[in-house]
Amino acid sequence: MKILLLEGVHQACIDRFSQAGYQPELRKSAVSEEELLRVISGVHVLGIRSKTQVTKKVLDAAESLLAVGCFCIGTDQVDLSAAAVRGIPVYNAPFSNTRSVAELAMAEMVMLARRAAHKSQLLHQGVWEKSAEGCVEVRNKTVGLIGYGHIGPQVGLLAESFGMKVYYFDIIGKLPFGNATPVASLEELLKVSDFVSLHVPETAETRNMIGTKELGLMKRGAFLLNLSRGKVVDLDAVRAALQNGELGGAAIDVFPEEPASNEDPFSTPLMGLDNVILTPHIGGSTIEAQRNIGLEVASTLLKFIEVGSTTGSVNFPQVELPIVRESHRILNIHRNVPGVLSSINTIIAEMGGNIQAQYLNTLGDVGYLIIDVDHQISQAVKSKIDELPTSIKTRLLF
Ligand code: NAI
């Protein structure tokens, strides 16, 4: 099995592959399409971060490729549908940095409540402003979490340890962690919160979900945090609310337009305002998160190579089936058209085989089937299934 890992993935990932008996080939930087076309043939597993582009052309040349692991959150750099129809699942690690975001949000609540960022800025300019005016503890204050998926509850648990009361609003009914209280509407959440922290994805519904009207519903002098997605908050409205005192401060980590690289310029309507913490989309950027990403993606890739599990893949039908020890496992990726399962079961029946376990799932044009069969006939069954016109890729695991 040839595993090629690009862009200097974390050592934890390399160790995970080594422990499992694989020796990945490593490259420190991203490679161009031209270079990837040169090296991809013969590669079974490709690991990248955000810079290497896995285009349709690359996938066409990758005749041995079984899976792609993106050691990051985004997967835009891979042509996902082209990979799916070629039978190649793509994995990422969307939740490895959950705790990192939650910690920054918690720290920012304290910093905003104490006007500490502003005082630090002044001190850098030689201005000594020792005063308790407008500075409060977060203890006994309320935090309202918008979005209670992975990050929201973590912020809630940290906030409770600081003695805060936690409310949350989510469009899906979610069980509370700790003593958190769900509320029925966004309006209600905005009205009861001293701090409002956003943890939603960017969707048609969440775009500009916090604007002039919503800011007007918040308690006077309350604080707003956005460490989710830039387009969720109308920053011109936030600027106006900060200037007229409706908002007591804001911490913003994500912006509607972000520079493509550290060399590009940046500007936002919130620059130069008092008690505003601006961070360059670093909520999830920690060494621990990088390590977790390395481990998580390596583990999901190994599970696919060794067991055929596609759970966690972003472009593929999700299939997970416990191993049946006495049998061999056939993994069949096929075009999602009627009759595939019956053709495959007929092949097995005609060979007098016994199916120990079987699981099929489909997504779009692709179907993924795992079958555990008697080891005496597994090789012959695999060859017959391979010959079916509907088959894209078939593998046999012993
Ligand atoms: P998640 O998908 O686990 O949770 C999102 C929650 O928001 C879900 O429970 C969903 O039901 C809820 N939701 C969706 N639409 C809603 C609406 N209109 N009103 C209320 N709730 C709604 O996502 P996770 O992992 O908690 O991440 C949250 C956000 O944080 C995402 O936008 C993600 O991109 C961002 N993020 C930012 C990072 C940073 O560096 N600042 C790092 C990691 C994630």
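Calculation criteria
Residues numbered from 1 in each chain as written. Predicted model: local features only at pLDDT ≥ 70, side-chain atom pairs only at ≥ 80, totals over all residues. Heavy atoms only, no water. Pairing = 2+ DSSP bridges. Helix = DSSP H or I, 4+ residues; strand = E, 2+ residues; numbered from the N terminus. Contact = heavy atoms within 4.5 Å. Axes fitted to C-alpha atoms, helices over the stretch in contact; angles between N-to-C directions. Buried < 20%, exposed > 50% of the residue type's maximum accessible area, 1.4 Å probe, protein only. Arc of directions from axis to C-beta. Core = buried A, V, L, I, M, F, W, Y, C linked by side-chain atoms within 4.5 Å. Domains from an automatic or database assignment. Right-handed = clockwise from strand over helix to strand, strands pointing away. Phe/Tyr/Trp six-rings, centres within 6.5 Å; stacked < 30°, edge-to-face > 60°. Lys NZ or Arg CZ within 6 Å of the ring centre and 35° of its normal.

Participant: Help me out: how do you make sense of the sheet that holds strand β12 (residues 276-278) in this one?
Facilitator: In a beta sheet, neighbouring strands pair by backbone hydrogen bonds and run either parallel or antiparallel. In space, the seven strands of this open sheet follow the order β8-β7-β6-β9-β10-β11-β12, with parallel pairing throughout. Since the sheet does not close on itself, it has two edges, and those belong to β8 (181-182) and β12, each with one partner. Each of β6 (142-146) and β7 (165-169) touches helix α7 (residues 151-161); the most contacted strand, β6, lies at about 175° to it. Sheet strands in contact with helix α10 (residues 235-243) are β10 (222-226), β11 (247-252) and β12, and its direction is about 145° off that of β11.

Participant: Honestly, helix α13 (residues 378-387) in this entry has me stumped. Any pointers?
Facilitator: Structurally, the α-helix is built with 3.6 residues per turn, so residues lying three or four positions apart point the same way. The complete set of buried residues in α13 reads Ser378, Val381, Lys382 and Ile385. Around the axis of α13, the buried residues are gathered within 100° of arc, so they sit on the same side. Contacts made by the buried residues of α13 are with β13 (327-335), α12 (340-350), β15 (366-374) and β16 (391-397).

Participant: Looking at this model, I keep getting lost on the nonpolar core. Mind explaining?
Facilitator: If you look at soluble globular proteins, the nonpolar side chains tend to sit buried side by side. If you look at the biggest cluster of nonpolar residues, it comprises 31 residues, and the most contacted ones within it are Leu5, Cys13, Phe17, Phe71, Leu301 and Tyr368. The biggest single contributor to this core is helix α11 (residues 287-307), with seven residues. Viewed by domain, this core spans two of them, domain 1 (1-97 + 286-316) and domain 3 (319-398), each represented by three or more residues. Among all residues touching Phe17, those that are not within four sequence positions of it are Ile3, Leu5, Tyr22, Pro24, Ala298, Leu301 and Leu302. In terms of nonpolar packing, the next biggest core, distinct from the first, is built from 30 residues, Val183, Leu190, Ala222 and Leu270 among them.

Participant: Would you mind showing me how to read the pairing of β16 here?
Facilitator: Across a regular strand the side chains alternate sides, sitting on one face of the sheet and then on the other. Here β16 lies mainly inside the structure; six of its seven residues are buried. Sheet analysis places β13 next to β16, joined by six bridges and oriented antiparallel. Directly across from Arg329, in β16, lies its bridge partner Leu397.

Participant: Before we go on, may I ask you to explain the pairing of β7 in this structure?
Facilitator: With four of five residues buried, β7 is to be regarded as a mostly interior element. One ladder, built from five bridges, connects β6 with β7; its direction is parallel. Residue Ile146 lies in a different strand from β7, and its bridge partner there is Phe169. Assessed by its sense of winding, the connection that carries the chain from β6 through α7 to β7 is right-handed. In this structure, β7 lies alongside β8, joined through two bridges in parallel fashion. Across the sheet, the residue bridging to Tyr167 is Thr181, located in β8.

Participant: I keep staring at the packing of aromatic side chains and nothing clicks. Help me out?
Facilitator: What characterises a pair of aromatic rings is the spacing of the ring centres plus the angle enclosed by the ring planes. A complete count under the given rule lists eight aromatic pairs for this structure. Centroid distance Tyr91 to Phe304: 6.3 Å. Interplanar angle 50°. Geometry classified as tilted. Placement of the pair is Tyr91 in strand β5 (residues 90-91) and Phe304 in helix α11, with a sequence separation of 213 residues. The exposure class assigned to Tyr91 is buried, which follows from its relative accessible area of 0%. The exposure class of Phe304 is buried, given its relative accessible area of 2%. Ring-pair connections join several aromatic residues into one group, and the members of that group are Tyr91, Phe304, Phe316 and Tyr368. Over the aromatic face of Tyr167 sits the side chain of Lys165, whose NZ or CZ is 5.5 Å from the ring centroid. Its guanidinium or amino end placed over the ring of Phe304, Arg395 lies 4.9 Å from that ring's centre, counting from NZ or CZ.

That is the geometry; function is a separate question.
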